[in-house]
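Summary of the model geometry
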Amino acid sequence: MLVTDLIHSCSNDKVAQAATFCIGGVFAERVRAVAQENGVSEGRFVSVVVRDFALRADEAERAQLAREMAGCDQPILSGLRRVVEKALEGGAQFADDVKSFGLPFLRRDGGLTFEGVAPLQRAAR
């Protein structure tokens, strides 16, 4: 339930932006830097990372995230931080050749490919 709430709320750019601001600190600075590198807002970057997680995470990964979120004072923010930090550690970026088209999230470690564009765009609607 918590993971579903995280995905539904933080898939929205404005909610993701506010959540990133609430977490603050070094985390928010890292998000800001990567978002600026890729020419998108912090909220847009975080929301796309969350949507990518929603599409890619299997049941085991979702269950692990739910266990980590359970019992936290702010479980949604805690889960969001975990999801985004994992993407940041993986070298989250937008590919230059698709950035102008507003196409989604790609990672150096093999993240979303062009075959994954359509499902991610549908998830963003």
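Worth saying up front: this structure is predicted, and the values here are computed from it rather than measured. (Residues numbered from 1 in each chain as written. Predicted model: local features only at pLDDT ≥ 70, side-chain atom pairs only at ≥ 80, totals over all residues. Heavy atoms only, no water.)

1. Thoughts on the pattern of salt bridges
Pairs may arise between side chains of opposite charge once their charged atoms sit close together. Here the structure, examined in full by the defined rule, presents seven salt bridges. Between aspartate 13 and arginine 51 there is a salt bridge; the shortest N-O distance is 3.3 Å. Here aspartate 13, found in helix α2 (residues 13-23), pairs with arginine 51, found in helix α4 (residues 42-56); they are 38 residues apart in sequence, far enough to count as distant. A relative accessible area of 27% means that aspartate 13 is categorised as partly exposed. You can call arginine 51 buried: its relative accessible area is 7%. Among the salt bridges present, the one from glutamate 61 reaches lysine 86, with a minimum N-O distance of 2.7 Å. On the criterion of sequence distance, the pair formed by glutamate 61 in helix α5 (residues 59-69) and lysine 86 in helix α6 (residues 75-89) is long-range, its members being 25 residues apart. (Salt bridge = Lys/Arg side-chain N within 4 Å of Asp/Glu carboxyl O. Helix = DSSP H or I, 4+ residues; strand = E, 2+ residues; numbered from the N terminus. Buried < 20%, exposed > 50% of the residue type's maximum accessible area, 1.4 Å probe, protein only.)

2. Thoughts on the side chain of threonine 20
Position of threonine 20 among the secondary structure elements: in helix α2. Among all residues touching threonine 20, those that are not within four sequence positions of it are Phe27, Ala28, Val31 and Val46. (Contact = heavy atoms within 4.5 Å.)

3. Side note on the confidence of the model for the chain
Overall, the predicted model of the chain reaches an average pLDDT of 80, with 72% of residues at or above 70. At the level of individual helices and strands, the chain shows its lowest average pLDDT in helix α7 (residues 96-99), which scores 37, and its highest in α2, which scores 96. Low confidence marks residues 93-117, where pLDDT is under 50. Its contacts with residues over four positions away, or in another chain, come to 55 contacts. (pLDDT = per-residue confidence, 0-100.)

4. Focus on helix α1 (residues 2-10)
Buried residues of α1: Val3, Leu6, Ile7 and Cys10, and no others. Buried residues along α1 cover an arc of 95 degrees about the axis, so they all sit on one side. As for α1, its buried residues are in contact with α2, α4, α5 and α6. (Arc of directions from axis to C-beta.)

5. Comments concerning the state of the cysteines
One covalent bond between the sulfur atoms of two cysteine residues makes up a disulfide. Under the counting rule described, the total for this entry stands at zero disulfides. Cysteine 10 forms no disulfide, and the closest cysteine sulfur to it belongs to cysteine 22, at a distance of 10.0 Å. Assessed through its relative accessible area of 1%, cysteine 10 is described here as buried. (Disulfide = S-S within 2.5 Å.)

6. Notes on the environment of valine 48
Tracing the chain through its elements places valine 48 in helix α4. As a C-alpha pair, valine 48 and valine 84 span 36 residues in sequence and 9.8 Å in three-dimensional space.

7. Comments concerning the packing of α1 against α5
In the contact formed by α1 and α5, the axes pass within 8 Å of each other and the chain directions differ by 95 degrees. One finds that α1 runs roughly perpendicular with respect to α5. Contacts from Leu2, Val3, Leu6 and Ile7 of α1 reach α5 at Arg62, Leu65, Ala66 and Met69. Its residues assigned to classes, the contact of α1 with α5 shows seven nonpolar, no polar and one charged. (Axes fitted to C-alpha atoms, helices over the stretch in contact; angles between N-to-C directions. Parallel < 35°, antiparallel > 145°, perpendicular 65-115°, else oblique. Nonpolar A, V, L, I, M, F, W, Y, C, P; charged D, E, K, R; others polar.)

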